[in-house]
Amino acid sequence: MNGPVTALEVVKQLKEGQLAIYTREYRANNGVIEFDIRAVNQYEMTQIVERLRSILNN
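The notes below deal with the structure included here. (Residues numbered from 1 in each chain as written. Predicted model: local features only at pLDDT ≥ 70, side-chain atom pairs only at ≥ 80, totals over all residues. Heavy atoms only, no water.)

## Some details on the pattern of salt bridges
Quick note on the threshold: For this document, the term salt bridge refers to a Lys or Arg side-chain nitrogen within 4 Å of an Asp or Glu carboxyl oxygen. For every residue, the accessible area (1.4 Å probe, protein chains only) is compared with the maximum for its type, and the residue is labelled buried under 20%, exposed over 50%, or partly exposed between those bounds.
In this structure the tally under the stated criterion is 5 salt bridges. Taking the shortest distance from any N to any O, the salt bridge between Asp 36 and Arg 38 comes out at 2.5 Å. On the basis of relative accessibility, which here comes to 37%, the residue Asp 36 falls in the partly exposed class. Look at Arg 38 and you get exposed, because its relative accessible area is 71%. Through salt bridges with shared partners, a single ionic network connects Arg 24, Asp 36 and Arg 38.

Set out below in structure tokens:
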């Protein structure tokens, strides 16, 4: 992907792939992505961070 990626595109890409990651999307059109991490363990958090890095570095 060329240029900056929008929050809406990040949300879309997080849902795709082998591990679907869902976010609170209601502010994504304003550039804000929110995660509810209350029940996320360390392994899952690592997966989320790695997926975000992958999306943002492409």
